[in-house]
Amino acid sequence: MTDSCTPDTSSVTPARKAAILAEALPYIKRFFDKTIVIKYGGNAMTDPHLKDCFARDVVLLKLVGLNPVVVHGGGPQIENLLARVGKKGEFIQGMRVTDAETMEVVEMVLGGQVNKEIVNLINQHGGKAVGLTGKDAGFIRAKKLMMQKKDAPQGDLIDVGQVGEITGIDPSLISFLDQGDFIPVIAPIGVGEQGETYNINADVVAGKLAEILKAEKLMLLTNTPGVLDKAGNLLTGLTPRQIDELVEDGTLSGGMLPKIGSALDAARNGVKSVHIIDGRVEHCLLLEILTDHGVGTMIKSK
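Residues numbered from 1 in each chain as written. Predicted model: local features only at pLDDT ≥ 70, side-chain atom pairs only at ≥ 80, totals over all residues. Heavy atoms only, no water.

Our working definition: UniProt positions are given in the numbering used here, feature names are shortened, and annotations may be inferred rather than shown by experiment.
The chain is annotated in an unreviewed UniProt entry as Acetylglutamate kinase from Thauera sedimentorum. You can read under Pathway (unreviewed entry) in the UniProt record for the chain the words "Amino-acid biosynthesis; L-arginine biosynthesis; N(2)-acetyl-L-ornithine from L-glutamate: step 2/4." According to UniProt, the comment filed for the chain under the heading Function (unreviewed entry) is "Catalyzes the ATP-dependent phosphorylation of N-acetyl-L-glutamate."

Spelled out as structure tokens, the structure:
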């Protein structure tokens, strides 16, 4: 297989290559045997070159002793299939409205097409990836999510269909796979008490999974350099109070809301660090985890 993501290092001296590898050692030691939950989405999931880079990064992290767990979205792929069946996607406060027909499409895309493609890519690069949905061993339990209307009295709710709210995650299946040197690749689909299928926002699943697994890091890949202020400048470090202010003044809205909410919850509930990073940057995972050069916004718990 031709490896489109191997950089040309012919002009780098052997001594410089050795120095670069040595620079990563403190980070490898610090994060050895630690769990890193990665929410994979955006351009990194649709650009062939970036997909290749992502798969290589995940395999490398596993081989140097970290435990990556991948949770993926699939918004563009869902939109494409919905368009082919004559439906238009609808979003409320960053959540996809999911009727029964849309749920069938979501499950087909997330649990099938997208999940299998990611698994295959990681395996092609020498990893041992295993594809899952929350239905497998019933490890992501969910109930119907009712959303609060904006600027409306408490209890004035919106029904967004088969959208799920997580009620519990059983970490034993993920832990079992980690111990066998497998890389879990998870589609954000949950199961209800009566076996109902629920579409759950991938950022929410990644955040809750990071909490349950007591992850060292939660990495959320986006199509922006990170969290930006109104002038478009990157905010490299944010506290909960600063985030509340950005939501209040409308700087943060739409699809960034569930992402920020998950990041905050994870930071408050034991995940050591949460990073919203630019998935359009080649090898963004390695840059953020194994070097001093961060490529996004870190959310601090206080």
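### A look at the UniProt feature "binding site: substrate" (unreviewed entry) in the chain
The following threshold applies: Numbering of helices and strands starts at the N terminus; helices are DSSP runs of H or I of at least 4 residues and strands are runs of E of at least 2. Working definition: with a 1.4 Å probe on protein chains only, accessible area under 20% of the residue-type maximum means buried, over 50% means exposed, and in between means partly exposed. Here a residue-residue contact requires only that any non-hydrogen atoms of the pair lie within 4.5 Å. Whenever a nitrogen or oxygen atom comes within 3.5 Å of another N or O atom, the pair is scored as a polar contact, on the condition that within protein one atom can donate a hydrogen and the other can accept it, and that pairs from neighbouring residues in sequence are kept only if both atoms are in side chains.
UniProt records the feature "binding site: substrate" (unreviewed entry) at Gly-74, Gly-75, Arg-96 and Asn-199, using the numbering of this structure. The greatest C-alpha distance among the residues just named is 11.7 Å, despite their covering 126 residues of sequence, which places them together in space. Residue position: Gly-74 is located in the loop between strand 2 (67-72) and helix 3 (75-84). Looking at Gly-74, the relative accessible area reads 7%, which means it is buried. With residues near it in sequence (within four places) discarded, Gly-74 still touches Met-45, Val-109 and Leu-110. Structurally, Asn-199 can be placed in strand 10 (residues 197-199). Residue contacts for Asn-199: discarding those within four places in its chain leaves Arg-96, Thr-98, Met-103, Val-106, Leu-110, Gln-162, Val-163, Gly-164 and Pro-188. At 3.2 Å, the side chain of Asn-199 and the side chain of Thr-98 are in polar contact.

### Quick look at the sheet that holds strand 5 (residues 129-133)
Paired through their backbone hydrogen bonds, the strands of a sheet run either parallel or antiparallel. Stated formally: By definition, two strands form a pair when at least two bridges between them are found by DSSP. Lines fitted to C-alpha atoms define the axes, with helix axes restricted to the stretch in contact, and inter-axis angles between N-to-C directions lie between 0 and 180 degrees.
Pairing is mixed in the open sheet, where 8 strands are placed in the order 5-8-2-1-11-15-16-14. Both edges of this open sheet fall to strand 5 and strand 14 (237-238), since each of them pairs with a single strand only. The sheet contact formed by strand 14 and strand 16 (residues 296-299) spans 2 bridges and is parallel. Following the sheet pairing, Leu-238 is matched in strand 16 by Ile-299. Contacts from helix 2 (residues 48-63) reach strand 1 (35-40), strand 2, strand 8 (183-187) and strand 11 (217-222) within the one sheet, and its direction differs from that of strand 2 by about 150°. Of the strands in this sheet, strand 1, strand 2, strand 8 and strand 11 touch helix 6 (residues 202-212), which is tilted by about 155° from strand 2.

### As for the pairing of strand 8
Within strand 8, 5 of the 5 residues are buried, leaving the element largely enclosed by the surrounding structure. Residue alternation in strand 8 divides its side chains into two sets, Ile-183, Val-185 and Ala-187 and Pro-184 and Ile-186, and both sets are buried. Strand direction decides the pairing type here: strand 2 and strand 8, joined by 2 bridges, are parallel. Residue pairing in the sheet places Val-70 in a bridge with Val-185 of strand 8. The pairing of strand 5 with strand 8 spans 5 bridges and is classified as parallel. Bridge pairing in strand 8 links Thr-133 to Ala-187.

### Points about the packing of helix 6 against helix 8 (residues 256-268)
The packing of two helices is summarised by the inter-axis angle and the distance between the axes. Our working definition: For classification purposes, an angle smaller than 35 degrees is called roughly parallel, one larger than 145 roughly antiparallel, one from 65 to 115 roughly perpendicular, and anything else oblique.
As a packed pair, helix 6 and helix 8 sit with axes 8 Å apart at the nearest point and diverge in direction by 5°. One finds that helix 6 runs roughly parallel with respect to helix 8. For the pair formed by helix 6 and helix 8, the contact residues are Asp-203, Val-204, Gly-207 and Glu-211 on the first element and Pro-258, Lys-259, Ser-262, Asp-265 and Ala-266 on the second.

### Points about unusual backbone geometry
What you tend to see is this: most non-glycine residues have negative phi, and most peptide bonds are trans. The phi torsion at Asp-33 lies on the positive side, around 65°, for a residue other than glycine. Residues other than glycine seldom take positive phi values, yet Ala-137 does so here, at roughly 60°. Structurally, the position occupied by Ala-137 is in the loop between strand 5 and strand 6 (140-148).

### Section: the UniProt feature "site: Transition state stabilizer" (unreviewed entry) in the chain
Listed under "site: Transition state stabilizer" (unreviewed entry) in the UniProt record, and renumbered for this structure, are Lys-39 and Lys-259. Taking the farthest pair of C-alpha atoms as the criterion, the annotated set spanning 221 residues converges on one region, since that pair is 9.7 Å apart. Mapped onto the elements of the fold, Lys-39 is located in strand 1. Note on Lys-39: relative accessible area 8%, which makes it buried. The residues contacting Lys-39, other than those within four sequence positions of it, are Val-71, Gly-73, Ala-202, Asp-203, Ala-206, Met-219, Leu-220, Leu-221 and Lys-259. Only 3.2 Å separates the side chain of Lys-39 from the side chain of Asp-203, close enough to count as a polar contact. Looking at where Lys-259 falls in the secondary structure, it is placed in helix 8. Taking the relative accessible area as the measure of exposure, Lys-259 reaches 9% and is therefore buried. Contacts of Lys-259, omitting those with residues within four sequence positions, involve Lys-39, Asp-203, Leu-220, Leu-221, Thr-222 and Ile-276.

### Quick look at helix 2
As a reminder, the rule being used: Working rule for helices: expected span equals 1.5 Å times residues minus one.
Look at helix 2: 23 Å from first C-alpha to last across 16 residues, which is about the 22 Å you get at 1.5 Å a residue. The backbone nitrogen of His-49 has a side-chain oxygen 2.9 Å away, supplied by the residue at the start of helix 2, namely Asp-47. Looking one or two residues beyond helix 2, the residue adopting positive phi is Gly-65, at roughly 105°.

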